[in-house]
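Residue-level structural notes
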Amino acid sequence: MPEAVIVATARTAIGRARKGTLVGLDAFDLAEAVVPAALERAGIPATDVDDLVLAESYQGGGVIARHTAVRLGLTGVSGVATNRHCAGGLTAVAIAAAGIRAGMDHAAIAGGTESLSNQIYGSKRAADGSQQIWMSPPNPNTPEAPAFDMPLTVGENTAREMGLTRRDVDEWTVHTQQRALDSIDSGAFVDEIVPLDVTRPDGTTVRFDTDEHPRRGTTLERLATLPVLHPELPDATVTAGNSAGLNDAAAAVTLTSDTYAASHGLTPLARIRAWATVGIEPALTGLAPTLAIPKALDRAGLTLGDIDLFEINEAFCSVPVAAVRKLGLNPDIVNVNGSGASLGHPISATGARMIVTMVGELRRRGATLGCVSMCAGGGMGAAMIIEIG
């Protein structure tokens, strides 16, 4: 069976949705920035690309991947749209890797694109004939897992299930903000980011090449002043400060078979060792990584102790704290570059962004194995094992 190897990575810097630098660019624009960068960095002919797989979530239900291929002149490349909510970008990479490992494809580009600044709202016809704004719910609406109240369904339920306090999640918030800022300040993300020249509403142009979501000066004292989002709950924990942001970004990787890489003189950056997805009760969505990580490790023939670095997406900071406690992880090797609550969480792009950053960090450290994982709306979770060398 061929191995699926990553030969190039690319992502945009992450913008703050609705008030940040990328508000004037939609998900199509962002995809059109990272896909050609991933192809150019790979150094392979466009005609050798068998497929383009991009996750999208709130962009209207089209196939941005095919639109992007045509816009970039890759008319011979088909396109696939995938949606697994927060895990969409990771799933896109898994789909491309599966095609390569099955021997059906030799090269593919995969990732995700998200513009919550330009989120599409649908409508449906009500019983009285009127049109009502409508969004597809991630799970059936119940009191314990409201479909559109993720602070409760994911954040608070995870904290309650694991006995986490407000201070537990706020301490993690300070930790992740500082690690994200340290990574930015040290230049850790420079090679993975595709700089964008963005035109502002006033007609001026700015070079956007730095994640703008992390907040300097985050302290426990400042976080303690923020109101909880569910004050009616006893011992509520979730605030705007310890939650992921609303963000815009895109990320992509180029994958080939190991045989294709060898025959074309390519040096793989990493290989996809294994991946897994899980389902869980929607009210326990935040605990999904604690199931997905062991499942992926089992498929790879590895144990928790074999992994050098983890990134567990901070949809809410209760999620990685819960995973660290439940799985017995060393927090010093979890989210070493920050994650959703600090870097930002551009939903469909997040999984691919995590892979891009994990590959870069493993290589900088001379480490071998990394695991990226996240929960996903509706009671889902995903994990992937990346190996260097």
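This text gives an overview of the structure that appears in the document. (Residues numbered from 1 in each chain as written. Predicted model: local features only at pLDDT ≥ 70, side-chain atom pairs only at ≥ 80, totals over all residues. Heavy atoms only, no water.)

For the structure on display, the rule yields 0 aromatic pairs. The cationic tip of Arg11 hangs over the ring face of Phe189; the distance from NZ or CZ to the ring centre is 5.0 Å. (Phe/Tyr/Trp six-rings, centres within 6.5 Å; stacked < 30°, edge-to-face > 60°. Lys NZ or Arg CZ within 6 Å of the ring centre and 35° of its normal.)

Attention now moves to the nonpolar core. Formed by 45 residues in total, the largest nonpolar core has its most connected members in Ile44, Leu52, Leu54, Ile109 and Leu196. Looking at which element gives the most residues to this core, the answer is helix α1 (residues 27–42), with 10 residues. In this view, Leu54 contacts Ala31, Val35, Ile64, Ala65, Thr68, Val80, Ala81, Thr82, Ala92, Ala110, Gly111 and Gly112; residues no more than four positions away in its chain are not counted. (Core = buried A, V, L, I, M, F, W, Y, C linked by side-chain atoms within 4.5 Å. Buried < 20%, exposed > 50% of the residue type's maximum accessible area, 1.4 Å probe, protein only. Helix = DSSP H or I, 4+ residues; strand = E, 2+ residues; numbered from the N terminus. Contact = heavy atoms within 4.5 Å.)

Moving on, we come to the environment of Phe316. Mapped onto the elements of the fold, Phe316 is located in the loop between β12 (309–312) and α9 (318–327). Residue class for Phe316 comes out buried when judged on its relative accessible area of 9%. As a C-alpha pair, Phe316 and Leu297 span 19 residues in sequence and 24 Å in three-dimensional space. Once residues lying within four places of it in the same chain are set aside, the contact partners of Phe316 are Met150, Pro151, Val154, Gly155, Val238, Asn242 and Ser243.

We now examine the pattern of salt bridges. Enumeration over the complete set of coordinates arrives at 14 salt bridges. A salt bridge links Arg166 to Asp170; the nearest nitrogen and oxygen atoms lie 2.9 Å apart. With Arg166 and Asp170 both in helix α5 (residues 166–186) and 4 residues apart, the pair spans about one turn of that helix. On the accessibility criterion, Asp170 (3% relative accessible area) is buried. Taking the shortest distance from any N to any O, the salt bridge between Arg325 and Asp168 comes out at 3.2 Å. Of the two residues, Arg325 is situated in helix α9 and Asp168 in helix α5; the sequence distance between them amounts to 157 residues. (Salt bridge = Lys/Arg side-chain N within 4 Å of Asp/Glu carboxyl O.)

Where α5 contacts α9, the two axes come as close as 9 Å, and the packing angle between them is 100°. Between α5 and α9, the angle falls in the class roughly perpendicular. Here α5 contributes Asp168, Val169 and Trp172 to the contact with α9, which in turn contributes Ser318, Pro320, Val321, Val324 and Arg325. Here the residues of the contact of α5 with α9 are counted per class, giving 5 nonpolar, 1 polar and 2 charged. (Axes fitted to C-alpha atoms, helices over the stretch in contact; angles between N-to-C directions. Parallel < 35°, antiparallel > 145°, perpendicular 65-115°, else oblique. Nonpolar A, V, L, I, M, F, W, Y, C, P; charged D, E, K, R; others polar.)

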